[in-house]
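Observations on the three-dimensional arrangement
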Amino acid sequence: MTPIPERAELCVVGGGVIGLAVAYNCARRGLRDVVVLDKSYLAAGASGRNGGGVRQQWSTELNVRLMRESVALCKDFATELGVNVWFRQGGYLFLSRFPRETERLEKNVRLQNRLGVPTEMLTPAEAREIVPELDAGGFHAACYNSTDGVLFPWPFLWGYAQGAAKLGVQIFTHTAVDAIDVVDGGGFVVRTPRGALRARRVLNASGAWSPEVARLVGVHLPDYPIRHEICSSEPLKPFLKPMVSVLGSGLYFSQSMRGEIVGGVTLRDHHPTLAMGSRLRFLATYARQVTRIMPILGDIKILRAWAGPYDITEDGNPIVGEVEARPGFFLCCGFMGHGFMMAPVIGRLYAELLTGGPKHEIFERWTLERFSRPGGIEREDFIIG
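Conventions and cut-offs
Residues numbered from 1 in each chain as written. Predicted model: local features only at pLDDT ≥ 70, side-chain atom pairs only at ≥ 80, totals over all residues. Heavy atoms only, no water. Helix = DSSP H or I, 4+ residues; strand = E, 2+ residues; numbered from the N terminus. Rg over C-alpha atoms; globule rule 2.2 N^0.38 Å. Buried < 20%, exposed > 50% of the residue type's maximum accessible area, 1.4 Å probe, protein only. Contact = heavy atoms within 4.5 Å. Areas by Shrake-Rupley, 256 points an atom, 1.4 Å probe, with all protein chains shown as cover. Lys, Arg positive; Asp, Glu negative; His and termini not counted. Charge placed at Lys NZ, Arg CZ, Asp CG, Glu CD. Salt bridge = Lys/Arg side-chain N within 4 Å of Asp/Glu carboxyl O. Polar contact = N/O pair within 3.5 Å; in protein donor to acceptor, adjacent residues only side chain to side chain. Axes fitted to C-alpha atoms, helices over the stretch in contact; angles between N-to-C directions. Left-handed = near helix turned anticlockwise from the far one by under 90°. Nonpolar A, V, L, I, M, F, W, Y, C, P; charged D, E, K, R; others polar.

Turning our eyes to something else, we now look at the overall build of the protein chain. Of the regular secondary structure elements, the protein chain holds ten helices and 18 strands. Relative to the compact-globule value of 21 Å for 385 residues, the protein chain shows a C-alpha radius of gyration of 21 Å, a close match. When its C-alpha atoms are laid out on the principal axes, the protein chain stretches across 65 × 45 × 40 Å. Taken across its 385 residues, the protein chain has 58% of its residues classed as buried. Taking contacts inside the protein chain between residues at least 6 apart in sequence as the whole, the part at least 24 apart equals 74%. For the protein chain, the exposed area adds up to about 15700 Å²; of that, 52% sits on carbon and sulfur atoms. Averaging the locations of the 43 positively and 39 negatively charged side chains of the protein chain gives two centres separated by 2 Å.

Following this line, the structure appears as structure tokens:
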């Protein structure tokens, strides 16, 4: 095993898309001696196990603004990093079955429109004009934003990894962090099977495994992992333009550039787990739900199914910034399943912070300490999957 460097300015623990996006942007801004450590292979965690959705439809102003920026960065990704991620802006179509769900959509649409996102409310008949194959019976309303989209997760992550490596970032896979010693006077010693690394700053970008990493420096995190399952069908002739999602059930599905129908649905047995196996109960639930609203999918074959972890927080928002009780130790976790789509903008904002640039408001509002402050929580409840 190649030894890791003895020293680094920044050690990123976690080689998912968030950690790699931060490392790439730090190097792009001139930060040298950046090292990324991951205990498995790239794309082993949530970054390689999701549906690739990128949306601006959220229920809080901060998330809408951030995702507007992230979509713009996704559009430029292939040009900037030289990797085609098959970004396709076919939109997101949300469907509601009950008046209370429609009210929720209407409230979100008003917010999104105020912030420049062109989401529109639709009747079920108008939703069928966008997706004629839908069985719109039983739906109350819908909303649609044509500028949301889908991209292919693996090249997205690999693009950041290759871009970071070209700028001098050293990436070590299959390198578990066994211990982190806090050094008197500042800095840390990160201990791995490849050797020890002295780092001035450490960024915990380990997603669902972030509580384990934080405990190594005596920090307790309130996020926890739950399993979300997903599957992919045989390729079909392209017909489905948007990502389709049903409120209440958590059903979502889209068609990839290669023709597969990729989707998932919420199972009501969520409890903390890092188990990655997929279950027959998921496939049965998904099959019933998806064929209920699109009967033409009844005869398709499912080629594979898998699971990945959502990194859950109490208020549906991430945990970012420096830990007050542990100077030099930074957090970038708790993204609730939408860290993948936020990676471009979070990577840029975090790099600005770590290289002496402006401090964005996320580092005041999404801190670990908000959970212990009265009135420190603003809830994001528009989570799907």
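After that view of the structure, there is still more to cover.
Next up on the list: the pattern of salt bridges. All chains considered together, the criterion is met by 15 salt bridges. Measuring nitrogen to oxygen at the nearest pair gives 3.4 Å for the salt bridge that ties Glu80 to Arg28. One end of the pair, Glu80, is in helix H3 (residues 77-81); the other, Arg28, is in helix H1 (residues 17-28), and 52 residues separate them in sequence. Arg370 is the partner of Asp315 in a salt bridge, and the nearest nitrogen-oxygen pair spans 2.8 Å. With Asp315 in the loop between strand S16 (302-312) and strand S17 (319-322) and Arg370 in the segment after helix H10 (362-365), this residue pair connects regions lying 55 residues apart in the sequence.

Take the side chain of Ser96 next. On the secondary structure map, Ser96 appears in strand S4 (residues 92-96). Note on Ser96: relative accessible area 0%, which makes it buried. Looking at Ser96, its side chain comes within polar contact range of the side chain of Thr102, at 2.8 Å. Leave out the neighbours within four places in its chain, and Ser96 touches Glu101, Thr102, Leu105, Phe139, His140 and Ala141.

Where H1 meets helix H9 (residues 339-354), the axes come as close as 8 Å, and the angle between the chain directions of the two elements is 35°. Note that H1 runs across H9; the crossing there is right-handed. Judged by residue contacts, Val17, Ile18, Ala21, Val22, Asn25 and Cys26 of H1 engage Gly339, Phe340, Ala343, Ile346, Gly347, Arg348, Tyr350, Ala351 and Leu354 from H9. When the residues that make up the contact of H1 with H9 are grouped by side-chain class, the tally is eleven nonpolar, three polar and one charged.

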